[in-house]
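# A structural walkthrough
Next come the chains, spelled out residue by residue.
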Amino acid sequence: MSLKKVLYISQEITPYLKPDVMSTLGQMVPQCMIEKGLEVRTFMPRYACINERRNQLHEVIRLSGVNIVIDDNDHPLIIKVATLQPSRMQVYFIDNDDYFLRQRAEDLEINTMPEENDERCIFFVRGVIETVRKLRWESGIIHCSGWITALAPLYIKHSYAEDPSFVGAKMVYSLFGNGFEGTLDPRFREKLKMEGFDDELLKTLGTEAVDFKTLNKFAIDHADAIIQATDDVDPELVEYAKASGKPFMPYPGAENYADAYYNFYTSLEA
């Protein structure tokens, strides 16, 4: 594995969404890596609140059209892309009429339609993976930010471990303080078993409905390295990450994050 290309799978990215800690890091960390000479690709959901005309999103026909089956139902994958100036960073958007609304909305679907978040997580991660495979883009680091990306380490490390696009890639998962209330659909674990994952791989999820904390522990278990992205992460999750024995980067502060992230990536090189 060589640190030349970094794939970012992000829950939020500015300026497509309102700025907060997560969305700002979603934009600034990849841009800082570009400035350091790395190649990056970034992915995020195409939420209904994103103004496609103003942000110049356009569909990539050659990447769209795949049907993703979840719980025995087909869900067409639509891929859109935009370019952030002046860095010319390409951002790919995972879209689907079932999980992301057509009409404009004030809030994100993960907040307004939480009952579908389990399948939305599966669809988003699988959509990213299928698109990267079509792009034939091989990255050394795959950095996942936000709980909607929590399944990426599971899929890439176990379902696509031999795929040329992912062989040797290090999975990095960022922990944030903001999460979701309540639990995911009670059939979440069952739906993952339908995806081909056995009880051993899913053991961290337990037998009860999955909450935010459990989902993050699950991501930590399957990731190669963990970053504390904000200073308000639940201390239990921080301790769980440290206890895993995997490379862990504590919160670097708001000023020196670019060098901190780059140095952490470099430390993971085999």
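Data block above holds the structure.
These lines cover the structure that appears in this document, whether it is placed above or below.

Quick notes on the rules
- Residues numbered from 1 in each chain as written.
- Predicted model: local features only at pLDDT ≥ 70, side-chain atom pairs only at ≥ 80, totals over all residues.
- Heavy atoms only, no water.
- Pairing = 2+ DSSP bridges.
- Helix = DSSP H or I, 4+ residues; strand = E, 2+ residues; numbered from the N terminus.
- Disulfide = S-S within 2.5 Å.
- Buried < 20%, exposed > 50% of the residue type's maximum accessible area, 1.4 Å probe, protein only.
- Phe/Tyr/Trp six-rings, centres within 6.5 Å; stacked < 30°, edge-to-face > 60°.
- Salt bridge = Lys/Arg side-chain N within 4 Å of Asp/Glu carboxyl O.

## Remarks on the sheet that holds strand β7 (residues 89-95)
Sheet architecture is open: nine strands sit in the order β3-β6-β7-β2-β1-β8-β9-β10-β11, paired in mixed fashion. Whereas interior strands pair on both sides, the edge strands pair on one side only; in this sheet they are β3 (58-59) and β11 (248-249). As paired strands, strand β6 (residues 78-84) and β7 are joined by seven bridges and run antiparallel to one another. Looking at the pairing, T83 lines up with Q90 of β7.

## Things to note about the state of the cysteines
Going through the model one piece at a time under the given rule, you end up with zero disulfides. Of all cysteine sulfurs in the structure, the one in C144 sits closest to C32, which takes part in no disulfide; the separation is 19 Å. On the basis of relative accessibility, which here comes to 11%, the residue C32 falls in the buried class. Cysteine C144 shares no disulfide, and the gap to the nearest cysteine sulfur, in C121, comes to 12 Å.

## Considering the packing of aromatic side chains
Evaluation of the coordinates by the stated rule reveals 11 aromatic pairs. Their ring planes at 85° and their centres at 6.5 Å tell us that Y261 and Y265 sit as a pair that is edge-to-face. Here Y265 and Y261 lie together in helix α8 (residues 257-267), a separation of four residues that amounts to about one turn. The exposure classification of Y261 matches that of Y265, with both residues buried. Pairwise contacts between aromatic rings join Y8, Y257, Y261 and Y265 into one cluster.

## Digging into the pattern of salt bridges
Going through the model one piece at a time under the given rule, you end up with 20 salt bridges. Across the pair E116 and R120 runs a salt bridge, and its minimum N-O distance is 3.2 Å. Across the pair D199 and K193 runs a salt bridge whose closest N-O atoms are separated by 3.0 Å. Accessibility expressed as a relative area gives 42% for D199, which makes it partly exposed. Three or more residues joined by partner-sharing salt bridges are found here, namely R46, E52, K80 and D95.

As far as function goes, none of this settles anything; it's purely spatial.
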